[in-house]
Amino acid sequence: MGTAITIKNATKRFGSKAALDDVSLDIKPGEFFTLLGPSGCGKTTLLRAIAGFNDLTGGEILFDGRDVAGLEAWKRGIGFVFQNYALWPNKTVFENIAYGLRIRKQDDATIKAKVADVLAMVRLVDVEKRYPGEMSGGMQQRIAIARALVVDPPILLLDEPLSNLDAKLRVSLRRDIREIQKRLGLTAVYVTHDQEEALEVSDRIAVMSQGRLEQVGTPEDIYERPARVFVADFIGAANLIKGEVKNGRFVAASGGSLPLPDKPADGPGTLLIRPEHVVLSSSGGIPGVVANHFYAGVNRRYRVVTEAFGDLTIDTAGRHDEGSTVGVAFSQTRLLKD
Amino acid sequence: MFRKFAAAAVLSVGLTGAAQAQSGNIVFYTSHAADTTGPVLELMKQRLPNLNVTLVRAGTGEVLQRLKAESGNPAADIMWGGSIQLFEGNADLFQPFVSTDKDSFLVSDPANIWHASNIISIVIGVNTKKVPLGETPTTTAQALDPKYTAMGGIALPDPAKSSTGYSVISALAAAQGWPFIEKIAKTARVLPSSGGAANAARDGETAMVWVNEDITAKWERDGIAIKSVYPADGVPTVVDPQAIVKGSKNLENARIVMAFLNTKEVHETMRDKVNRRSARKDVTPPPGLPDLGNLKLIFAAEPASVVNARFEALRK
Amino acid sequence: MLLQRFFPSRDPWKVFAIAALLLTSILIVVPQLWIIIASLREDGGRFTFRHQEAGGRIELAQETVMGYRFTERNGKLVADLGGTGLFAMSRAGPNTLEFEGLSGPLTGTALDANRLRLEVGGRRITMNQTVPMGLFGTTRLPIAVEQLSPTSLRLRHGANAFMEAIDPEPRWTLGNFGAFLNEPAARTALINSLIVTILSTALAGVIGVSLAWMIAKFDIYGREGLVVLVTMAAVSPPFLGAYAWRMLLGSSGILTQALGLDWTIIGLHGVIWVTAWHVFPLVFLLAYDAFTGADAALGEAAESLGASPLRRVFTVDLPLALPGVLTGLYMALIAAFADFGTPKIISLDLKLMPTLVYDEFLSEAGANPSRASAGALLMVLISTGFLGAYRAYLSFGTYATVSARRLSPKKPTALVHGLILAFAAFILLMAFVPHVTVLITSFMEWRSGVVFPVLTLANYRTMFANELMPVLISLSLATVSTAASIVLGIGIAYVLVRKRYPVIGPLLNGIVMMPYVIPGTVIGIGLILALNTPPLVLTGTWAILCLSFFIRNLPYAVKSSEAVLFQIHPALEEAAVSLGATPMRSFMHATLPLMASGLVSGATLAFLHGMTELSSTIVLYRPPWKPMTAVIFENTITLGADFGIAAAMTVLLMVILYGPLWLITQKTRGQMARVGAV
């Protein structure tokens, strides 16, 4: 069973710059938790603090309620998977994986059995005697995961483990990672800047920006109910229209206005409309002109210029020629007030 | 080999216990050339076979400087070679040794610090390839003639660093006065060591050099283009002594070696093998060196501090 | 652990960093402070006078007076220190002087037959009587002191005695620097040194850069072999070149006589020539790396834009390679400036800074560690100036290029190929003239320091019979100092690269790099000054030589370790930590094994430095700890020494140097020199 990780008011400063600014989180045992954000947002700093590789300037990290501040990294018993695999090039695959067991002074037979198990888990066969340098990036990362898992860590930390791999490999490996994590029931904290990856594998996601937590929630929460403009913009494609709320209506800066269902208070706000929540028809609704379109497989993506709401990105299966006049309607909107 | 290495280790740490006579270590600091010390050391190997001898060779000044630097914790047991003025000027670096044979010597130290070994005349060694035969100078004054500058000039071991250099300048100053030394200061090429100076004349880098007579005599025998000139206007002559270093770690051995160095046998060996005049009355001069009676001998008078300071002032 | 109590830190690396900082401060900074102190000190005063019987006068030797001032008043000689009259001397009869205190009591004690201690006004003056004597000298009276009153005494002394007085109580002064800069000899030495440094570096630059460019650009026959040979030339024994060139082209040199020339290599021109050949390999190796490392596409772009080949060289190839070339030139410059062996043998009566400082430090009556220290500091300053200029220039406009595609050498035309081969052959010939000369003459008979054309093995027999200790000493010194500098170097580099502790890190880096600009002679002098007094007396031991080699190698060890560390990702170690290894264990398991192969070249370089070290050895060595270079040196320059032994030992040294070097260069060519880049 995994370990619960609690982070209270974590702060990390490098000089005057705050890499982490008062971050608090509760990660449940057995949860696949993702720290998502652009580079420099503090997600890796937080992950490394959980691992014990860096100290915090302030705040606490607790494993199952126990403060780990005094606990050195090598005593925390976490598994860590690095972006660049960090396999020891001078050791065979077997010795790489066996390292943690040797540190724990396990006997050779146990080591052999456990290495075989964990290799099977990451779906590699007959690689024990090879050296990491002879293998593909995907295989190396599987070995790195095996090396982290072989010591049965209650927590697995993954620092952008897939970012050095090509697109197809990324998809299959992330599914394998999630499957293994669920099977072993360990707590995983996963750092990535790839929102699609985060949405697919995570139980919950924490979106971070400039050292601060923007939002924590399930993938659905994050995507469909973003709390802030930053989150809405960072996750998926979004039309973000600036304007204000007046008498229960949203009035865009460019002039258009819409009724809002739940009658919010007056004040400035931004309206989020996902591209797939825009309906295009040849007539009716908000008039606009198709500026250009891209074919994207299942859907087509259009850029439509409207007078009322400016440029809109729209995903739909229907066909509209460039330059043609269309009518635009919104099937779902969300008001963001930050 | 390794035993020697280990012995050296013990020596340098200073763990040699009560020195045992005639065995163990003896360390010489010497300004003598290897071929000067060689025959005596050979003889010593026979007479005192159990002594492990170490020799440090450097210019007199360097040797003395090292003795000063190490005073209190000396590495040396015996300083071999220099000039009596130098030994007297640094009497606190040495310790007295009472020789039983003092009366056999032409000259001896009332304070028993230094013990005379040789009497050496300093000649002008002339490179015959550089100086045409007819133009060989016969006096020091002639040797300073500007015409020799073009041939390479005359090399002088720095009086501040070599006892040969000091002896030359001090004796010439006493005999001919400081204005004469001024000419030397402006003419001579001053080299840091007597070895370097002599080698320079031998190799023809300079035309002439002030050098101990035994060296040039040996070179002449070895067929090197060098001629010894005993200047008619005065031949600087020195007494070459040795002394026991104060605080010697192998004092017992040092006394034995010092007594050995004073023996007639050693002095005869020096005469026969390295052509040196003995300071003992009962040892005849070596063949080939002119009789001292026929030379105008001159001696150092002013001490090194005065000579060096004046000479340095004149060179500016 | 005791250390933990003093350094309440659970980071063992921090404890190590602090310990390393302490150690390097003691070994590197403290000796330099001693030099500074020594350069600011002077004896309280000295003077020499003579009491002449004839005329009954006290003659003061004005040139010897230091610190004190003398005036004659009422027939008395009044000694004056710092403006106040201290005592007066006057004649009180034959061989008798009277001393009278002018500012309080004056007492005197006879220390022995020739020495007197005078105490007056808080000063203690030692007087040493010297009585001139000829061959059949006069007997001398021992000195005798009779205290007349608390403020006066009567001294009886030998007839016509000189009295040399020293007041050893030090005083503080900037005068040593003034004396150093005012003295013509010192000024000339400074100018000579600068001339030699600049011209020989320039010559080495022309030779090294042009050869490097040619063989980087063209596919030349035997290219790799050539690079290996130049690498070998880079670690020649010191002053080997100087002596060999002197033997060949001196006034009565072998070639001079064979060709009937009337010339000599002795002189400034010789120093420049020999030094240039001594340092050119540094320039070559770094320039070669720079030329081959540059991205080929940049040069091709220039040519595609219509630049002529020559224009391309000056507008693209050279500027791109500039940082590497400059580093090579800088290293050559520092080496040329600090070289002791070459000027000692070639310059004869011309002084250069290293020889002047050495001579000042190890001279007798002029015994002037203070002035030597002032000169030493001046050398460090100039050296630091070179470093500053080099760094300023590099930071002023560097082009960091990461090589995308390496330059693939072009096939030259037959004519060009021939010309380049001839040029390379000429350079190799010049670089190896000394080696060949010494090899040949080591098998010939030496008499009175002159070689005779008689083949013999006698030199080797003598050497193996008498001089094997130095081989052991050199090997042990080089091995131990290399091991120590590499071990500490790895640790320091780790702390500098990975830990980046505030304050400790930059401080440690600064201290460790100091020996890089301190000439060897100066390091030697500093160690003697610092380690000649209790609590730690190491002068004259194997340990002090080892310390010096260790200090001199430390910057190279740290820099090469840093270079290796930069290539090893920190995550390799973190992976081990996450699996439960302690920091030390993770370092040992993950990082160290990967560093080892990269450090072989650094260690080899350090070992070779140790085997060939001369400039600090020459000040530091004492019997019985005499390394090979000291034996070679002694047998090269002292009168009547057996140069045969020097030649045989040089050959032995070359065997010891080139055996391992050859093996290493097969694998890691180029790293050797790059390691030195700061």
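Structure shown above.
The residue count restarts for each chain, going from 1 along the sequence in the order it is written. Chains carry letters from A onward and ligands carry numbers from 1 onward, assigned in written order. The model is predicted, so local features are restricted to residues of pLDDT at least 70 and side-chain atom pairs to those at 80 or more, both for listing and for counting; the totals for chains, interfaces and linings are taken over all residues.

**Digging into the overall build of chain B**
Secondary structure elements follow DSSP: runs of H or I no shorter than four residues count as helices, runs of E no shorter than two count as strands, and numbering proceeds from the N terminus. The secondary structure content of chain B amounts to 13 helices and 12 strands. For the radius of gyration, the atoms used are the C-alpha atoms, and the globule rule reads 2.2 Å times the number of residues raised to 0.38. Scaling as 2.2 N^0.38, a compact globule of 316 residues should have a C-alpha radius of gyration of about 20 Å, and chain B matches this with 20 Å. Projected onto its principal axes, the C-alpha coordinates of chain B cover approximately 60 × 40 × 40 Å. For chain B, the residues scored as buried account for 59% of the 316 residues in total. Contacts in chain B between residues far apart in sequence, at least 24 positions, make up 79% of those at least 6 positions apart. Partly exposed residues are those whose C-beta has more than 12 but fewer than 20 other C-beta atoms within 10 Å; with 20 or more the residue is buried, with 12 or fewer it is exposed, and the C-beta atoms are placed from the backbone. C-beta atoms are placed from the backbone for every residue, and two residues are taken to be in contact when these atoms lie within 7 Å.

**Notes on unusual backbone geometry**
All names here are of chain A. Its identity as a non-glycine residue notwithstanding, N9 has a phi of 50 degrees, on the positive side. By the element assignment, N9 lies in strand β1 (residues 5-14). On the neighbour-count criterion, N9 (13 C-beta atoms within 10 Å) is partly exposed. With a phi angle near 50 degrees, D64 is a residue other than glycine that sits in the positive phi range. By the element assignment, D64 lies in the loop between β4 (58-63) and β5 (66-67). Taking the C-beta count within 10 Å as the criterion, D64 has 14 such neighbours and is therefore assigned partly exposed.

**Examining the arrangement of the chains**
Across the two pairs of chains in contact, the largest number of contacts is found between chains B and C. The closest approach of any C-alpha atom in chain A to one in chain B is 40 Å; the two make no contact.

**Examining the interface of chain C and chain A**
Facing 15 residues of chain C, the contacting portion of chain A comprises 17 residues. Of all the secondary structure elements, the ones that give two or more residues to the side of chain C that touches chain A are α20 (570-578) and α21 (583-612) of chain C. Among the elements that take part in the side of chain C that touches chain A, α20 of chain C stands out by supplying seven residues, more than any other. Each residue receives one of three labels: charged for Asp, Glu, Lys and Arg, nonpolar for Ala, Val, Leu, Ile, Met, Phe, Trp, Tyr, Cys and Pro, and polar for the others, Gly being one of them. Counted by class, the side of chain C that touches chain A contains 10 nonpolar, four polar and one charged residues.

**A short note on the interface of chain C and chain B**
Facing 57 residues of chain C, the contacting portion of chain B comprises 71 residues. Mapped onto the side of chain C that touches chain B, the elements with two or more residues apiece are β10 (123-130), β13 (162-167), α16 (468-499) and α23 (628-637) of chain C. When residues in the side of chain C that touches chain B are grouped by element, the largest group, three residues, is from α16 of chain C. In the side of chain C that touches chain B, the residues fall into 25 nonpolar, 22 polar and 10 charged.

**Some words on the sheet that holds strand β7 (residues 96-101) of chain C**
Residues and elements named next belong to chain C. The six strands lie next to each other as β4-β5-β6-β7-β12-β11, forming an open sheet whose pairing is antiparallel. In the strand order of this sheet, the two ends are held by β4 (69-73) and β11 (144-149), each with one partner. Strand-to-strand, the axes of this sheet are offset by a mean angle of 25 degrees, without reference to chain direction. By the convention used here, strands pair only if DSSP detects at least 2 bridges between them. Of the strand pairs in this sheet, β4 and strand β5 (residues 76-81) are connected by five bridges, and their pairing is antiparallel. Along β5, the bridge assignment pairs E72 with L77. Axes here mean lines fitted to C-alpha atoms, for a helix over just the part in contact, with angles spanning 0 to 180 degrees between N-to-C directions.

**Focus: the sheet that holds strand β15 (residues 278-281) of chain A**
Strand-to-strand pairing in sheets goes through backbone hydrogen bonds, with the strands running parallel or antiparallel. Residue and element names in this part refer to chain A. Taken in spatial order, the five strands of this open sheet run β15-β19-β16-β17-β18, and their pairing is antiparallel. Edge positions in the sheet fall to β15 and β18 (310-316), since each of these pairs with one other strand and no more. Averaged over neighbouring strand pairs, the angle between their axes works out to 45 degrees when direction is ignored. Judged from the four bridges that link them, strand β16 (residues 286-296) and strand β19 (residues 325-330) form a sheet pairing that is antiparallel. Following the sheet pairing, I286 is matched in β19 by V328.

**Description of the nonpolar core**
By definition, a nonpolar core groups buried Ala, Val, Leu, Ile, Met, Phe, Trp, Tyr and Cys residues that connect through C-beta atoms lying within 7 Å of each other. M208 of chain B together with A287 of chain C are the most contacted members of the largest nonpolar core, which has 279 residues in total. In this structure, A287 of chain C is in contact with G208, V209, A212, A321, G324, V325 and G328 of chain C, ignoring residues within four places of it in sequence. Listed in part, the 99 residues of the second largest apolar core include A19, I97, V189 and F234 of chain A.

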